Amino acid sequence: ERAAPVTLIAEHMAKMGGDAVYAKRSDRGCTDVLCLLLLLATWGAMISVTVMSVIKEPDIVNILRYPRDEYGQFCGQPGSATEDLPRALYPTLDADFASQVAEASSLPFWEYYKLKFTSLCVAECPDGLSLSESALSVYGGADYPTGDAVKDDSSWNYTTPEFTYTFRTANLYGRCLPLGNTFAAPEQVLCVSPNCSYAMSALAINVTECAVIPSRADERETWEVCAEDTGSAVCDAQEKACEVAVRVETAQTFLPADGDETTDALTRKLAQYVALTLRMWDSIAASWRVVLALGVALPVALGFIYAVLLSLFAGVVIWSLLALLLGGMVLLSAILCVHAGWLDVPTDAYSTFEGALGAVASNDTAAIASAQAESLLVPAGSLSKDWYIVFAVLSIAATLVMLLWFCASWRAIRRAVAITEEATKVFSTLPSLMIWPFVELGFQAAWLVYGVFGLAVISYPPVWGGGSTTTLLALAHVAGTLWAIQFIKACDYTTMAAAVAYWFVTTNVEKDGCCGAAKCCRGWSSGLGFPKLLDAAWTVSTRHLGSLAFGSACITICQLLRLVLYAVHAATKQTKADRNFLVRFLFKCAMCALWCLEKCVEFVSYYAYVHIAIDGTSFCVACRDTFGLIVKYPAQTAINSLVKRLLCGVLLGLSTPFLASACCFLYLDSLDDFTASHSPLYSAAAVFVIAWFVASGISNVFEAILDTVYLCAFQDMDQNSPPRYLSASMRSALGIDAASEEAGGSAEYFKKASDRHQQAGGAVPVAREDGQPPMRAISTSDGIRA
């Protein structure tokens, strides 16, 4: 166990007497070096352009860090005139909206930064509404500091106007943005019967006037029960005398006098988004421990649980997922047939369904579900019936093809089950694989932060002029960032594949499986398998970074083409071309074609990464081997890909974030202290996003293991007869020994002549490089060919 990896592989090669499935590091060379140099040159160019952009516009970093006032000063910048004023207030927001109403109406709220607003630096954001003259807040004026103001010419006016601001705001990244200025007035109780006239004339309960309802000015026969300054005795008498009463809740909204309906709507929209952002942040900050526990720790724990379940019930899980897929296709075909008018739903089916559901759920839930089912199965109108007929025919055909494919590929499905069971054994030796994705996520997050920063710096119009040069540099920066992210994913995937391939030819060989004597869970006592992962990472980083740069570049090109097409499509919206059906149809077809191209390139590239991890070949050779694998085992490759998508995409990728967010919502919703001032929905949404990223990384681990075990197993069967590195359990599952047992003594006739000769103790001819007659290799007592 403590021997060097190369020594262990050599020992197993000698012991098993066959071709090695996993290439030793000493036998590997540096592959695709030019691609690595190109990647390094790209990164160098990106960093250089970013540095040059900062040099050309030194204030760009301050622009990203500090808000600016009307005069170009940075609020709160140390050493500046506004050092003690770290916030930016927009005192004439409605008037600014009014002057740019056409542009503001067409922009989404996250692009409001394109508008020009009057701003001043202030010490604190106004946090309350004041209608008292003595409490009005005045900003600006002659005392406002303008020592660092950007002056256009010598006639620049140093006097700052005074602004009076009376509304509530909230601090959002140093900006004082408006909140809603709506307040609840005291609740009123109005008596409807007896009416106001009768109460004033016939009842001695001190009713002196009828109530005025601004929203219903023509109704003047009600009176207020227990009005202000009414004594308790009179209040009790009024409550007893009133036979029919209503409660009135009034909300009063205060708006700027210089606004109008349009500007009020824009300000209200902005205030809603600000309030939503603050509520989300407050809820997540108040429950950050729960968010981290359920968003990070729970997906990792579920990953181990899924691994254990798959090791015990892989067949049940895989066949169940395939059955659910087929059942979903049958259900879709039935719904389309109903809409096409081919099937009729009995009139009492919905009531029967509602009654059955009501037995296990509430009546309201059952009624809603029944209504949804009825709306889903309502036959289509005559205008769309022909289309539903076409879709129904296609769906039925696809369902039949899928069913026939499953029936014809049952052996491939059994092998996929065996591969899955074998793959789960890896975690007993390499449990650190489950947390290895955090390394990838860390590097990707760092590159993404740099990519966003660099794009913001390069795209700032004053830096490169804002023309075609800016566009080209920004596009190149985006391409480099995408390439870096894909390169990190490739390195992570190949490292895991290399570690699993090494495990396959050492720990998991025949009669030496993970669950043998003194072998079970060896990884838990040997650094959680981190040393082997780091050793695999060293092999990849010292030999194959160029090949990974090559593969990631191919995927990046496809992504960049899609991005450019989306940009062109967005730029042509609202134009005459976008209203042309043929143009829109061609755009959709092109987007679909590029998406398919990207997925195909990803499929080949990731299999190529596994070939690189196993054989140490270049990327092009690995792609050739991948195509050879697809041609030789098309059904097995297709079944494995489908099983991967169901296991990793559905079981792990989707169920984990949904389960984590549901646990978060149910737990926080049960805490009265939390729900009193926060909403558990925002915390649950944050958990879903975090758990989705973590679950995607764990799904990537399972995909790498499944691909590697698949390729190692079939490569072992191709190179060695019989296979040398398959474990006893996998040999049994794949039926490797069944044919020999069935053939009995006749099996000797189907062995290679060299194998029969060696088994009899004879010599094996060995070819010579000098062209002389072959030598005779003698089988020694320890089994090593000499």
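Here the structure is shown first, and the text comes after it.
From a predicted model like this one, the values you see are computed outputs, not experimental measurements.

**Student:** Could you clarify how one ought to interpret the sheet that holds strand β8 (residues 188-193) in this entry?
**Tutor:** Think of a sheet as strands paired side by side through backbone hydrogen bonds, with each pair either parallel or antiparallel. Reading across from one edge, β9-β8-β10 is the order of the three strands in this open sheet, with antiparallel pairing throughout. The open sheet has two edge strands with one neighbour each: β9 (223-224) and β10 (244-248). Here β8 runs beside β9; their pairing, made up of two bridges, is antiparallel. Across the sheet, the residue bridging to Leu190 is Glu224, located in β9.

**Student:** What is the right way to look at the sheet that holds strand β2 (residues 120-122) in this model?
**Tutor:** Reading across the sheet, the four strands line up as β2-β1-β6-β5 and stay open at both edges, with mixed pairing between neighbours. The open sheet terminates on both sides in strands that have one partner only, identified here as β2 and β5 (169-172). The sheet shows a mean angle of 40° between the axes of neighbouring strands, taken without regard to direction. Note that β5 and strand β6 (residues 175-178) share four bridges and pair antiparallel. By the bridge assignment for β6, Thr169 is matched with Pro178.

**Student:** Just checking my understanding: could you explain the state of the cysteines for this structure?
**Tutor:** Two cysteines form a disulfide when their sulfur atoms are joined by a covalent bond. Applying the stated rule across the entire model yields five disulfides. With a sulfur-sulfur separation of 2.0 Å, Cys125 is cross-linked through a disulfide to Cys176. Measuring the twist about the S-S bond at about -80°, one finds the Cys125-Cys176 disulfide to be left-handed. Taken together, the positions of Cys125 in the loop between β2 and β3 (137-140) and Cys176 in strand β6 put the pair 51 residues apart, joining distant regions of the chain. Exposure class is identical for Cys125 and Cys176. Each is buried. Paired by a disulfide, Cys196 and Cys210 hold their sulfur atoms 1.9 Å apart. One disulfide, between Cys196 and Cys210, carries an S-S torsion of -100° and so falls in the left-handed class. Here Cys196, found in helix α6 (residues 196-202), pairs with Cys210, found in the loop between α6 and β9; they are 14 residues apart in sequence, far enough to count as distant. Residue Cys196 is classed as buried on the basis of its relative accessible area of 0%. The cystine pairing of the protein, numbering bonded cysteines in sequence order, is 1-2, 3-4, 5-10, 6-7, 8-9.

**Student:** Can you walk me through the pairing of β6 in this structure?
**Tutor:** As judged from the two bridges shared by strand β1 (residues 87-89) and β6, these two strands associate in the parallel manner. When the sheet's bridge partners are listed, Leu89 is paired in β6 with Cys176. Joining the antiparallel neighbours β5 and β6 is a turn of two residues, in which Tyr173 adopts a positive phi near 55°.

**Student:** Could you clarify how one ought to interpret the packing of aromatic side chains in this entry?
**Tutor:** Each pair of aromatic rings is reported with the distance of its centres and the angle of its planes. All chains considered together, the criterion is met by 20 aromatic pairs. Seen in terms of ring centroids, Tyr90 and Phe117 are 6.2 Å apart; in terms of plane orientation they differ by 75°. Their pairing is edge-to-face. Here Phe117 lies in the loop between α5 (101-106) and β2 and Tyr90 lies in the loop between β1 and α4 (93-99), a separation of 27 residues in the sequence. Across the pair, Phe117 and Tyr90 agree in class, each one buried. With a centroid separation of 4.8 Å and an interplanar angle of 85°, the aromatic rings of Tyr493 and Tyr606 are classed as edge-to-face. Here Tyr493 is found in helix α17 (residues 468-505), whereas its partner Tyr606 is found in helix α20 (residues 581-615), with 113 residues between them in sequence. This pair shows no difference in class: Tyr493 is buried, exactly as Tyr606 is. Between the NZ or CZ atom of Arg28 and the centre of the ring of Tyr22, over which it lies, the distance is 5.0 Å. The side chain of Lys56 reaches across the aromatic face of Trp464, ending 5.1 Å from its centre.

**Student:** Looking at this structure, I do not really get the pairing of β8. What am I missing?
**Tutor:** For a regular strand, the rule is simple: side chains alternate between the two faces of the sheet. With five bridges joining them, β8 and β10 adopt antiparallel strand pairing. Each residue of the ladder has a partner; that of Ser193, found in β10, is Val244.

**Student:** What is the right way to look at the pattern of salt bridges in this model?
**Tutor:** Pairs can form between side chains of opposite charge once their charged atoms are near each other. Under the criterion given, the structure shown has twelve salt bridges. A salt bridge links Asp27 to Lys24; its shortest N-O distance comes to 3.9 Å. Salt bridges linked by common partners bring Glu187, Arg247 and Glu249 together as one network.

**Student:** Can you walk me through helix α23 (residues 655-669) in this structure?
**Tutor:** Owing to its 3.6 residues per turn, the α-helix brings residues three or four apart onto one side. An ideal rise of 1.5 Å per residue puts 21 Å on 15 residues; α23 measures up with 21 Å between its terminal C-alpha atoms. Within α23 the residues assigned to the buried category are Thr656, Pro657, Ala660, Ser661, Cys664 and Leu668. For α23, the angular spread of the buried residues around the axis is 120°, confining them to a single face. In α23, the exposed positions angled more than 90 degrees off the buried face are occupied by Phe658 and Leu666. Buried residues belonging to α23 abut α9 (288-340), α22 (634-652), α24 (672-675) and α25 (680-719).

Cut-offs applied
- Residues numbered from 1 in each chain as written.
- Predicted model: local features only at pLDDT ≥ 70, side-chain atom pairs only at ≥ 80, totals over all residues.
- Heavy atoms only, no water.
- Pairing = 2+ DSSP bridges.
- Helix = DSSP H or I, 4+ residues; strand = E, 2+ residues; numbered from the N terminus.
- Axes fitted to C-alpha atoms, helices over the stretch in contact; angles between N-to-C directions.
- Disulfide = S-S within 2.5 Å.
- Buried < 20%, exposed > 50% of the residue type's maximum accessible area, 1.4 Å probe, protein only.
- Phe/Tyr/Trp six-rings, centres within 6.5 Å; stacked < 30°, edge-to-face > 60°.
- Lys NZ or Arg CZ within 6 Å of the ring centre and 35° of its normal.
- Salt bridge = Lys/Arg side-chain N within 4 Å of Asp/Glu carboxyl O.
- Expected span 1.5 Å × (residues − 1).
- Arc of directions from axis to C-beta.
- Contact = heavy atoms within 4.5 Å.

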